[in-house]
Amino acid sequence: MATGGVAAPAARRRLAGVLLLLLCLAALAFPWVDRLPYHRDLVIRVFLYAMLAQAWNILAGYCGQISLGHAVFFGTGAYASSVLQMRWGWNPWVGLGAGIPVAVALSMAIGYPCFRLRGHYFAIATIAIGEIIQTLAINWDFIGGARGLTLPFQKDSLLAFQFHTSKYPYYYIVLALLILCLLVSWRIERTRLGYYFRAIREDPEAAQSVGIPITRYKLIAMAVSAAFVSAGGSFYAQYVLYLDPDSVLPLSLSILICLLAVVGGVGTLWGPLVGAALLIPLSEFTRIQFGGTGRAVDLLIYGALLTLVAVFQPAGLVGLLGRRGRP
Amino acid sequence: MLRVQDLEVTYGDFQVLWGVSLEVHPGEVVCLLGPNGAGKSTIINAVSGLVRPLAGRVEFCGERIDGLPTHEIVTRGVSHVLERRRVFPYLTVEKNLLLGGYQDRARPRREESLAWVFSLFPILRERRHQLAQSLSGGEQQMLAIGRGLMSRPKFLMIDEPFLGLSPLVVTEILKIITQIHAAGVSVLFIEQNVQLALGISHRGYVLESGRMVVSGAAKEVLESDLVRKVYLGI
C-alpha cells in the first residue's frame, strides 16, 4: 500500500527495482560468461530447488500448512512425463502438462482429509503419505519399480525436451520455471488470495469467523504448490534422463525443500531462492571437500546452520535485509 | 431475527449445552450472561457455525442456518467477533479490516465499509499501516469489532468485548456498541459484569452449566432473585 509520498520507501523501491533488473540480467547472461559445465549444473540445480522451495512456500509459508511430503508431487511430475513417454510415446512437454493435473488431483486427495488436522499433525500425515507413495512406487513394476526408468536418448530439440550438445536450454527452461513461480507468488502476495492464506496461517478460526472458507483456500494453496513441484519433477526427469523412487520420491527431498525455504525465510518472496543459492552450493562444496568422510558432513553443516537460523534469525536469512521477514 | 431452539452441543463425551433457547429480535441489543464455563461462547460458536450442534435448530431471518459452513452464515449477515480479539498479528490494521469485507455480499462496498469503521474507530485510521500486533489491547478489540463490521452484518455477536480492558476503554466500547445498534445492527454480546451489560441491553439471558436459567427484559433480569443473590450479592 503506497499512499504516502515518503521519499525513503520510494527510493528503496527504486533500488530494489534496479537490483532485480541486474539479477535478471545476470541470470540471463550467466551462460555466456561462465562456460564451465560443473557450474552450469550447479546453477541449474539451484534454480530447480529454489523453484521447488518457493512452490512449497506458497502452501507452507503463506498459508501455514507445513508439508513434509512434497516429494510426492515431484515424483508425480517426473513419473508422469516419463511413463507417458516410454509407454505411449507422448511428447515430454505434453507429459509435463499431463503431470500437473495428476499432481493437483493427488494433492486434493491428500489435502482434503489431512487439512482436518492442525499444525504438526498435518506435517506428520504428509510424511506418512510420502513414505506410502514411495513404497508403492518401488513395488509398481509398470513404472519401473525399484529399478527405475531410463529415458531413451533423442536428438537435441526443444520439442523432444532433450539437449546434449549444449545443455544451456535446460538452464533457460528451469530459469523460466523459477521466474514463473516467483511471479505467481508475487501476485498471490498482493491479492485477496494471499491475504486469505496469511489469515489462515495466523489464526484459522478467526479466518473462518470473517467468512473465509478455510478448507477451500488451503486446497487452492496446495494445488498451486503441487502444480509447480510437479513441473519441476518433469523437468528433472528430462534433465537427468533417469529416475527411480529413491531419487524423486525420498523423504530427504521433501525435507530439503522445506529446509531451503526455512533457512532463506518462510513466507517471503525471496527466502526460498536465497536458501537454495546458499545451501545447494554449500552441500556441493562440503561433498567435494569432505567427500571421503561420507555424506554426513554436509548434513552436519546444514544442521548447524539451521540451528543458527532458528536461534538468531527465525524469520530466515532475508530477515537480515532490514525489513521484518514476515510480510 | 435470530432464533435458537433447544440447542444441544457436546465436546466429545462432554455435553456443554442442554436444550438452550434464545431469541434476538431486529433492532435489539441482547446480552448473554453467566459464569466461566457455562457455555456462553459455545452458543454463539454454534450460531456462527464454528461448532456443530448435536441437536436443536438455529434460524436466522426465518431460514435455518445450523449445519451451514461458517462462510455462508457470514454471507447471510451474521458476524462473530471471537473471544480474545484474535486479530491477525502480522497483517496491518487495514488488511485486517479488509479481510473482514472480502466475501461476495460485502465486497462491492468495501471502501464504504472501511470509511464507516474508521468513523466509528478513528484511532484505527491513524494506525491503519501498523501491524495489528503493535496495537494495545483496547485497540485490538476495536480492530476485531471493526473487522466484524466489514462484512456489513445485520446481526453482530461479540464474545466478551470488555475482557481485560481498562475502564476508560470499556466506556468507549460501550458507546460504540450503542452506535452500531443505532446504525441498524442487532447485537448479541457475552459479558460477565451483569450491571455493565444490562445497562446497554434491551434484554438479557443468564446461562448456568449449559442451561438457560433467567431471561427477560434487562430490568427483569437485573431484579431477578437469582441475579441479585448470585451475581450482585444482594
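### Re the overall build of chain A
The helix and strand inventory of chain A stands at 13 helices and two strands. Against the globule reference of 20 Å for 327 residues, chain A gives a C-alpha radius of gyration of 20 Å, in line with a compact fold. For chain A, the C-alpha atoms occupy an extent of roughly 60 × 50 × 40 Å along the three principal directions. Buried positions account for 45% of the 327 residues belonging to chain A. Pairs at least 24 residues apart make up 74% of the contacts formed inside chain A by residues separated by at least 6 positions.

### Concerning the overall build of chain B
A count of helical and extended segments in chain B gives 10 helices and 10 strands. Computed over C-alpha atoms, the radius of gyration of chain B comes to 17 Å, within 12% of the 17 Å expected from 2.2 N^0.38 for 234 residues, which places it in the range of a compact globule. Seen through its C-alpha atoms, chain B measures out along the principal axes to roughly 50 × 40 × 30 Å. Looking at chain B as a whole, 46% of its 234 residues qualify as buried. Sequence separation of 24 or more characterises 66% of the internal contacts of chain B that already satisfy a separation of 6 or more.

### Observations regarding helix α1 (residues 40–47) of chain B
The buried count for α1(B) comes to eight of eight residues, which makes it a mostly enclosed element. Backbone geometry just after α1(B) places B:G49 at a positive phi near 85°.

### Comments concerning unusual backbone geometry
Residues and elements named next belong to chain B. Non-glycine residue R84 carries a positive phi angle of around 60°. In this structure, R84 sits in the loop between β6 (78–81) and α3 (93–100). The class for R84 is partly exposed, based on 14 C-beta atoms found within 10 Å.

### Concerning the pairing of strand β10 (residues 211–217) of chain B
Residue and element names in this part refer to chain B. Two elements, strand β9 (residues 203–208) and β10, share six bridges in a ladder whose sense is antiparallel. Looking at β10, one finds that V206 is bridged to V214. Here β9 hands over to β10 after two residues, with S209 in that stretch at a positive phi of 45°.

### A short note on the confidence of the model for chain B
Residues and elements named next belong to chain B. Chain-level pLDDT for chain B is 95 on average; 100% of the residues reach the 70-or-more range. Mean pLDDT across the elements of chain B ranges from a minimum in helix α10 (residues 225–231), with 87, to a maximum in strand β7 (residues 155–158), with 98. Both confidence scores are given for the complex: pTM 0.92, ipTM 0.92.

### A short note on the confidence of the model for chain A
Detailed conclusions should not be drawn from predicted coordinates in areas where pLDDT is low. Taken residue by residue, chain A gives an average pLDDT of 91. The fraction at 70 or more is 94%. Counted against residues more than four places away or in other chains, residues 1–6 of chain A, with its pLDDT under 50, gives two contacts.

### Points about α3(B)
In an α-helix, one full turn covers 3.6 residues, which means residues spaced three or four apart are oriented alike. Summarising burial for α3(B): seven of the eight residues are buried, a large majority. B:V93, B:K95, B:N96, B:L97, B:L98, B:L99 and B:G100 are the residues of α3(B) that are buried. Buried-residue contacts for α3(B) involve α7 (192–202) of chain A together with α4 (110–120), α5 (122–126) and α6 (137–149) of chain B.

### Here's the deal with the interface of chain B and chain A
Taken together, the contacts link 23 residues of chain B with 16 residues of chain A. When residues of the side of chain B that touches chain A are traced back to their parent elements, those giving at least two are α2 (70–75) and α3 of chain B. Its residues assigned to classes, the side of chain B that touches chain A comprises 10 nonpolar, nine polar and four charged.

### Things to note about the environment of B:E208
Relative to the helices and strands, B:E208 is located in strand β9. Those residues in contact with B:E208 that lie beyond four places of it in its chain are B:G34, B:P35, B:A38 and B:V213.

### A few points about the sheet that holds strand β5 (residues 63–64) of chain B
Residue and element names in this part refer to chain B. Across the sheet, which stays open at both edges, the four strands sit in the order β2-β1-β4-β5 with antiparallel pairing between neighbours. For this open sheet the edge positions go to β2 (14–24) and β5, each flanked by a neighbour on one side alone. On the sheet, α1 packs against β1 (2–11), β2 and β4 (55–60) and is oriented at approximately 115° with respect to β1.

### Here's the deal with the nonpolar core
Among the nonpolar cores identified, the biggest contains 160 residues, and A:F47, A:M51, A:L52, A:V174, A:L260 and B:I43 are the most heavily contacted of them. It is helix α2 (residues 37–62) of chain A that provides the largest number of residues to this core, a total of 16 residues. A:V174 has contacts with A:I44, A:F47, A:L48 and A:F235, leaving out every residue within four places of it along the chain.

### Brief notes about the packing of helix α6 (residues 168–190) of chain A against helix α9 (residues 214–240) of chain A
Residues and elements named next belong to chain A. At their nearest, the axes of α6 and α9 sit 11 Å apart, and the two run at 175° to each other. With respect to each other, α6 and α9 are oriented roughly antiparallel. Along the contact surface, α6 presents Y170, I173, V174, L177, C181 and V184, while α9 presents V224, F228, A231, G232, F235 and Y239. Taken together, the residues of the contact of α6 with α9 break down into 11 nonpolar, one polar and no charged.

### A short note on the pairing of β9(B)
All names here are of chain B. Counting buried positions along β9 gives five out of six residues, so the element sits mostly inside the fold. One ladder, built from four bridges, connects strand β3 (residues 29–33) with β9; its direction is parallel. Looking at the pairing, C31 lines up with G204 of β9.

### Looking at the sheet that holds β9(B)
Residue and element names in this part refer to chain B. Taking strand neighbours across the sheet as the criterion, the six strands line up as β6-β7-β8-β3-β9-β10 in an open arrangement whose pairing is mixed. On the outer flanks of this sheet lie β6 and β10, each paired with one strand and no other. Within the sheet, the average angular offset between the axes of one strand and its neighbour, ignoring direction, is 15°. Contacting β3, β6, β7, β8 (186–191) and β9, α1 runs over the sheet at an angle of about 150° to β8.

### Observations regarding the packing of α7(A) against α9(A)
Residue and element names in this part refer to chain A. In contact at an axis separation of 10 Å, α7 and α9 are set at 115° when each is read in the N-to-C sense. The pairing of α7 with α9 is recorded here as roughly perpendicular in orientation. In this structure, α7 crosses over α9, and the sense of that crossing is left-handed. For the pair formed by α7 and α9, the contact residues are Y196, F197 and I200 on the first element and I214, Y217, K218 and A221 on the second.

### Regarding the environment of B:S166
All names here are of chain B. Along the chain, S166 turns up in the loop between β7 and α7 (167–182). For S166, a count of 12 C-beta atoms within 10 Å puts it in the exposed group. Separated by 29 residues in the primary sequence, S166 and G137 place their C-alpha atoms 9.1 Å from one another.

Calculation criteria
Residues numbered from 1 in each chain as written. Chains lettered and ligands numbered in written order. Predicted model: local features only at pLDDT ≥ 70, side-chain atom pairs only at ≥ 80, totals over all residues. Helix = DSSP H or I, 4+ residues; strand = E, 2+ residues; numbered from the N terminus. Rg over C-alpha atoms; globule rule 2.2 N^0.38 Å. Buried ≥ 20, exposed ≤ 12 C-beta atoms within 10 Å, placed from the backbone. Contact = placed C-beta atoms within 7 Å. Pairing = 2+ DSSP bridges. pLDDT = per-residue confidence, 0-100. Nonpolar A, V, L, I, M, F, W, Y, C, P; charged D, E, K, R; others polar. Axes fitted to C-alpha atoms, helices over the stretch in contact; angles between N-to-C directions. Core = buried A, V, L, I, M, F, W, Y, C linked by C-beta atoms within 7 Å. Parallel < 35°, antiparallel > 145°, perpendicular 65-115°, else oblique. Left-handed = near helix turned anticlockwise from the far one by under 90°.

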